[in-house]
Amino acid sequence: MEFKITKNANLFTIILMALGIVCTIVGVVLEMGHDHGHHLPQRLSGNLLINSFFFFGIAIASLFFLALKYATETAWYVAIKRVIEGVAGFLPFGVGLLLITFAYITLNDGAHIYLWMDEEIVKHDEIIQGKAFYLSKTFFWIRTLVYVTIYLLYYWGFRKRSLLEDQVGGTELHYKNYKKGATFLVFFAVFSSTSAWDWIMSIDVHWFSTLFGWYVFSGMWCTAMIVMVILTLYLKRLGHLERVNENHIHDIGKWVFAISFLWSYLWFSQFMLIWFANIPEETTYFVTRIAHFKVLYFGMFLINFVFPMVLLMSRDAKRHSGLLIFVGLIVFFGHWMDTYIMVMGGSMGENASIGFMEIGLLLLILGLFVRVILTSLTKAPLDVKNHPYLEESIHHEV
Amino acid sequence: MHKEAAIREPLILGHKTYHDITVDVCKPIEDKAPRGWYVLFTIALIIAIYGVGCIMYLLGTGIGVWGINKTIGWAWDITNFVWWVGIGHAGTLISAVLLLFRQKWRMAINRSAEAMTIFAVFMAGTFPLIHMGRLWLGYWTMPIPNQFGSLWVNFNSPLLWDVFAISTYLSVSLVFWYIGLIPDFATLRDRVKRPIPKKMYSILSFGWSGRAKNWNRFEIVSLVLAGLSTPLVFSVHSIVSFDFATSVIPGWHTTIFPPYFVAGAVFSGFAMVQTLMLVIRKAFRLEAYIHTRHIEYMNIVIMVTGSIVGTAYITELFISWYSGVEYEAYAFLNRATGPYWWAYWSMMTCNVISPQLMWIKPLRRSLYFTFFISIVVNIGMWFERYVIIVTSIHRDYLPAAWSMHYPSHMDIGVYIGTIGIFFVFYLLFARFFPVLPIAELKTILKSSGESYKNAPDHHEHESNHSSHH
């Protein structure tokens, strides 16, 4: 059975996007009226960055997950392979959104998001001058383009070989994917950190943390697993993915559970070490966030850590679709909140608030995200053929 | 029923039956020990006795007999401690994390890796205790009320967290390892003829009868312990890294330390497992169970964790420049070009470059090369800790206090001594305990044994299924 976007899903995404556009416009108009529109470029580019990075992150983390499965010669995932590819299908759009965001920010001389892009500020700031070689518009764009080009090339390559495998079978493509998966992981290991420094950490331009890249990576991986589990359950509810049984669901649930722990562990490591050593250059990051986003910040940590830990601990919970969707949706927004505070904490600071623009852009890009993923699912059969581990995946039992 | 893809390499080579597995694993225990074992044991024992002698001298004289001084209060002692704890990580990773990931190949190595873990953690624990100088006051590390005569501990200190983390880890690893051994001890109990060994294995096997009820409980306990140990794998070395990272010393205080220490620990632990397994498979003729594919898998783990460690080194280096903090930048510059440059570049060569050679398939499937690299990695990981510890403190904020560390005979003696003690334990284990999990291996024989995997009825089974779809 070929997958088609249902009427409800069609309507749902259109409503999301329409609502998003309306709210965004209202938000922009309101911001123009507020304080002579002084904060408009900052708030708009901040919101663009939050959402383009958040949804791009989900797509790239899915591609990472696929590469991981190829490189580790895993079998169970074969039954949901097209779901993973579907989520990764947002990658070209995510890249597009990111590039639009960066272009807008660059044209506005950093838009008070990337202070290092503002010559007036750099002139009076010795710390930024010290790293001007790295934090310069040209080098930033070169790095960004290198990251996204390599990501896209891998995405198209994986997709092409996956569709081809359905037709020709054999093991040649399989071993090619194994090798390509491993090399993707090498690129990703470096780029996931450096891009997190470039795109997010440089917002707090004086601040630095060696763990930051891994922390950001774990957040997007966790969100990607949540999207995968919700999408799989949705498709099953529509009667697709017959091969997927509760054992596969259990496994994705385990990943959600495990990566939530990984994220919490990295959050704690970064926070605790900075808090404990109490060096002002480092604590400033948390001090500003706790000053302006106290409830959201610790609330976000509690949601992303405690919810999955308590509710998904038991075996039965990880096989219970209602519970997985409930926890998944809440933690999804918990991680969005994390991205929001990462970006806004270092830029808008005390002026930040969640208003029409924040909600509008989130709804708009969420609607686009869902629609693109569903569309990409219609492009190929949901059940793969000829994968050497297909039988092993069908007989999967835990 | 579980089904394994045809393209996967079998994990048990040749035409083995259930009985063959029992015989193959029990044989080295039931036979007389080969001469090689006695030679190795004697060497290890001599080194161990020398080590114990050094420790006694140290305790009798004071820790000033080490090469430490006012600036460098921590050197080989803590280096050795971290090195041993790191090695002690592989066992639980293999038994717990790989269990959760359903990696069947772990069954070739889990038993001896867990034993290695326990002995390595013993050795690790020795160093903080003897560093106290008063071994008999070791219980002061515990939160015991002052009325008892000790001093109340400082809960703000990561060193105290270490006490909790490592003792928990040791207890859980020990229980996990022992639970796995019980059915195998029962097998030995039922096989051995001589009365004394029979009595010993009988006691060790806790009256295991092999009833369904026993197996049921065995499975439940294993899963619970696997769940408990997985966070422990992360917590132990994270907390060890806190010993350094909670400070304000440039080169020590950096947020990437916890996960990077964990990766480094797994890296060194697997290297030690390789060193030991390559010898054991040959000495005990277990080539059918621990073959090239297992070695290759372990080499891949070494390559991946080595790469994570390498990425972390480069991240630290980059951020020390990016931070714009002069002291941070100097700490790293001093590591690479200062008086300890040789230690830094040994670390870089052994830990960053050497595991990358494992990308080459013939090399990672070569047993001699693997053995060589496993030693190189262990040397590299020792240097890593030495570099982190000594180069970060030998030149601190006050140039007047700058100093160098030169190891004394006692530094070397105690360190070498622990290697001797470790091998005494390990050789005794290999002589009297089953080095492969007999019961667990039998569970994968039908799905991953060479003769079953390629048996004719297997293909029939497969074609039946494809006709359904």
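Everything discussed here concerns the structure shown above.
Quick notes on the rules
Residues numbered from 1 in each chain as written. Chains lettered and ligands numbered in written order. Predicted model: local features only at pLDDT ≥ 70, side-chain atom pairs only at ≥ 80, totals over all residues. Heavy atoms only, no water. Helix = DSSP H or I, 4+ residues; strand = E, 2+ residues; numbered from the N terminus. Rg over C-alpha atoms; globule rule 2.2 N^0.38 Å. Buried < 20%, exposed > 50% of the residue type's maximum accessible area, 1.4 Å probe, protein only. Contact = heavy atoms within 4.5 Å. Salt bridge = Lys/Arg side-chain N within 4 Å of Asp/Glu carboxyl O. Buried area = accessible area lost by both parts, 1.4 Å probe. Polar contact = N/O pair within 3.5 Å; in protein donor to acceptor, adjacent residues only side chain to side chain. Phe/Tyr/Trp six-rings, centres within 6.5 Å; stacked < 30°, edge-to-face > 60°. Lys NZ or Arg CZ within 6 Å of the ring centre and 35° of its normal. Core = buried A, V, L, I, M, F, W, Y, C linked by side-chain atoms within 4.5 Å. Expected span 1.5 Å × (residues − 1). Patch = residues over 30% accessible without salt bridge, like charges linked within 9 Å, V, L, I, M, F, W, Y side chains within 5 Å. Areas by Shrake-Rupley, 256 points an atom, 1.4 Å probe, with all protein chains shown as cover.

Enquirer: An account of the overall build of chain A is requested, with residue identities and associated values reported.
Expert: Secondary structure assignment for chain A yields 14 helices and zero strands. Starting at the N terminus and walking to the C terminus, you meet the elements of chain A as α-α-α-α-α-α-α-α-α-α-α-α-α-α. In summary, chain A has a C-alpha radius of gyration of 21 Å against a globular reference of 21 Å for 398 residues, a match within 12%. A principal-axis box enclosing the C-alpha atoms of chain A has dimensions of 65 × 40 × 40 Å. A burial count over chain A gives 61% of its 398 residues as buried. Partitioning the contacts of chain A with sequence separation of at least 6, the portion at a separation of at least 24 is 82%.

Enquirer: Provide a residue-level description of the pattern of salt bridges, including the pertinent values.
Expert: Following the criterion strictly, the structure yields 29 salt bridges over all chains and no others. Between B:E384 and B:R385 there is a salt bridge whose closest N-O contact spans 3.8 Å. Here the two residues B:E384 and B:R385 agree in accessibility, since each one is buried. Ionic contacts of the salt-bridge type, sharing partners, join the residues A:E73, B:E9, B:R293, B:E296, B:R364 and B:R365 into one network.

Enquirer: Give me the lowdown on the side chain of B:S408, citing residues and values where you can.
Expert: One can find B:S408 in the loop between α14 (367–393) and α15 (409–432). If we skip the residues at most four places from it in the chain, B:S408 touches B:V65, B:W66 and B:G67.

Enquirer: Give a detailed account of the interface of chain A and chain B, specifying residues and quantitative values.
Expert: Of the residues lining the interface, 51 residues belong to chain A; the matching set on chain B comes to 46 residues. Buried area between chain A and chain B, both sides added, is near 4000 Å², and the carbon and sulfur share of it is 68%. Its largest share of buried area at the contact with chain B, chain A owes to A:T210, A:W214 and A:L273, together 18% of the area lost on that side. Between B:R102 and A:D251 there is a salt bridge, with the nearest N and O atoms lying 2.5 Å from each other. Where chain A meets chain B, there are 14 residue pairs in polar contact (both at pLDDT 80 or more). Element by element, the count of residues in the side of chain A that touches chain B is highest for helix α10 (residues 246–277) of chain A, at 13 residues.

Enquirer: An account of the packing of aromatic side chains is requested, with residue identities and associated values reported.
Expert: The final tally for this structure, using the stated rule, is 115 aromatic pairs over all chains. Here A:F56 and A:W199 contribute two aromatic rings whose centre-to-centre distance is 5.6 Å and whose plane-to-plane angle is 75 degrees, an arrangement assigned as edge-to-face. Remark: A:W199 occurs in helix α8 (residues 172–199) and A:F56 occurs in helix α2 (residues 40–71); sequence separation between them is 143 residues. Judged by relative accessible area, which is 1%, A:F56 ranks as buried. Between B:Y260 and B:F261 the ring centres are 5.6 Å apart and the planes differ by 85 degrees, which places this aromatic pair in the edge-to-face class. A residue is classified by how much of its surface remains accessible, and B:Y260, at 1% relative accessible area, is buried. Residue B:F261 is classed as buried on the basis of its relative accessible area, which comes to 3%. Taking the ring centre of B:Y322 as reference, the NZ or CZ of A:K131 above it sits at 3.8 Å.

Enquirer: Quick one: what's the story with the nonpolar core, residue by residue and with numbers?
Expert: A:Y114, A:W199 and B:F270 are the most contacted members of the largest nonpolar core, which has 284 residues in total. Ranked by size, the runner-up nonpolar core spans six residues in total, among them A:V28, A:L40, A:L48 and A:M357.

Enquirer: Tell me about unusual backbone geometry, and name the residues and values.
Expert: A positive phi angle, near 55 degrees, is found at A:E73, a position not held by glycine. Relative to the assigned elements, A:E73 resides in the loop between α2 and α3 (81–88). Residue A:E73 is classed as buried on the basis of its relative accessible area of 14%. With a phi angle near 55 degrees, B:R285 is a residue other than glycine that sits in the positive phi range. In this structure, B:R285 sits in the loop between α9 (257–283) and α10 (292–322).

Enquirer: Mind laying out helix α1 (residues 7–33) of chain A, listing which residues take part and the relevant values?
Expert: Residues and elements named next belong to chain A. An ideal rise of 1.5 Å per residue puts 39 Å on 27 residues; α1 measures up with 39 Å between its terminal C-alpha atoms. Of all the positions in α1, only A9, T13, L16, M17, G20, C23, T24, G27, V28 and E31 are classed as buried. Check the buried side of α1 and you find it contacts α2, α9 (212–237) and α13 (356–378).

Enquirer: Describe a nonpolar patch on the surface, listing the residues and the values that go with them.
Expert: All names here are of chain A. Together, V22, V26, L30 and F356 make up an exposed nonpolar region whose accessible area comes to about 350 Å². Among the elements that line the nonpolar patch, the one with the most residues is α1, at three residues. Within the secondary structure, V26 is located in helix α1. Classification of V26 as partly exposed rests on a relative accessible area of 31%.

Enquirer: Account for helix α4 (residues 90–100) of chain B, naming residues and giving values.
Expert: Residue and element names in this part refer to chain B. Within α4, nine of the eleven residues are buried, leaving the element largely enclosed by the surrounding structure. Those residues of α4 that sit buried are A90, G91, T92, L93, I94, S95, A96, V97 and L98. Where α4 is buried, its residues meet α3 (76–87), α5 (110–131), α6 (158–191), α8 (212–245) and α9. Of the residues flanking the end of α4, it is R102, one or two places downstream, whose phi is positive at about 55 degrees.

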